[in-house]
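Remarks on the overall topology
Chain residues, written in single-letter form:
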Amino acid sequence: AAARGARPGSARVLARTPAAKARAPSVVARADANGGAGGQMGAQTIVGSNKAAPGPPAAAVVPPPPDYMEYMAFSAWAPEVLNARLAMLGMAWGASVEVTTGQTLVSQFGHNSFQVLLIVAAVTWASIKPFEFNPQGYPANPAGLVGKAEEMSGFLAMTALNLNPGVELLHGRMAMIGIAGTILVEAIKGSPVF
């Protein structure tokens, strides 16, 4: 049936579809060495089992790209975490520049706006983007590390020093209050605090 029209010396597999391969043994029809009487096919030979041949490997599941606007929603984790990290950097940098130059925090932001924007962009990128392709699979949200730090070798020292997402957020909140308080005092006093 399926081997009809085969030329001498050629071989054809009768079961073509994967479902047919699973139901029946693989059968190969070989033409007679002499071409048979009137081109008729010779004996059929079974050359396989009734197991289906392995198909192509399954394609890797690629997760959809993250929605950055979802990260930045008011109730999401990113706004507070990013503001906390930026406030810690800003307080440390602003206080040291204020001590060395005598500039208030507000005047520093005005004179160094490009550097401030560059730091904001770098901290935002470093807080979100690398987690899209990290090999350990932890999320960008620091709260996702709670309970997993013991499993990850890079976080053993942080756990031993009690450096966890809660401590980072607490320090960031204190830095946000410190920056706001420093700006307020400098506005009332008219001179640098440090």
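Above this text you will find the structure in question.
Before going further, it helps to spend a moment on helix H5 (residues 113-128). Helix length check: H5, at 16 residues, gives a terminal C-alpha distance of 23 Å against a target of 22 Å (1.5 Å per residue), a fit within 8%. Within the sequence span of H5, burial applies to Val-123, Ser-127 and Ile-128. Buried residues in H5, looked at end-on, bunch into an arc of 115 degrees, giving them a common side. Opposite the buried face of H5, by more than 90 degrees, sit the exposed residues Phe-114 and Leu-118. Looking at the buried residues of H5, the elements they touch are helix H2 (68-71) and helix H3 (78-101).

The next thing to look at is a nonpolar patch on the surface. A surface patch of nonpolar side chains, about 340 Å² in accessible area, is lined by Val-99, Val-185, Val-193 and Phe-194. Within the secondary structure layout, Val-193 lies in the segment after helix H7 (165-189). The partly exposed category is assigned to Val-193, whose relative accessible area is 35%.

As a further point, take the nonpolar core. Side chains of a nonpolar character, in soluble globular proteins, are inclined to be buried together. Trp-77, Ala-78, Val-81, Leu-82, Ile-128 and Ala-140 together form the largest nonpolar core, which totals six residues. With three residues, the single largest contributor to this core is H3. Setting aside chain neighbours within four positions, we find Ala-140 in contact with Trp-77, Ser-127, Ile-128 and Phe-131.

Because an α-helix completes one turn every 3.6 residues, residues spaced three or four positions apart along the sequence face the same direction. Between the first and last C-alpha of H7 there are 35 Å, a value that for 25 residues agrees with the 36 Å anticipated at 1.5 Å per step. Those residues of H7 not exposed but buried are Pro-165, Val-167, Gly-172, Ala-175, Ile-179, Thr-182 and Glu-186. Structurally, H7 contributes buried residues whose contacts are with H3 and helix H4 (105-111). Just downstream of H7, Gly-190 is the residue with a positive phi angle, here 80 degrees.

The rules behind these values
Residues numbered from 1 in each chain as written. Predicted model: local features only at pLDDT ≥ 70, side-chain atom pairs only at ≥ 80, totals over all residues. Heavy atoms only, no water. Helix = DSSP H or I, 4+ residues; strand = E, 2+ residues; numbered from the N terminus. Expected span 1.5 Å × (residues − 1). Buried < 20%, exposed > 50% of the residue type's maximum accessible area, 1.4 Å probe, protein only. Arc of directions from axis to C-beta. Contact = heavy atoms within 4.5 Å. Patch = residues over 30% accessible without salt bridge, like charges linked within 9 Å, V, L, I, M, F, W, Y side chains within 5 Å. Areas by Shrake-Rupley, 256 points an atom, 1.4 Å probe, with all protein chains shown as cover. Salt bridge = Lys/Arg side-chain N within 4 Å of Asp/Glu carboxyl O. Core = buried A, V, L, I, M, F, W, Y, C linked by side-chain atoms within 4.5 Å.

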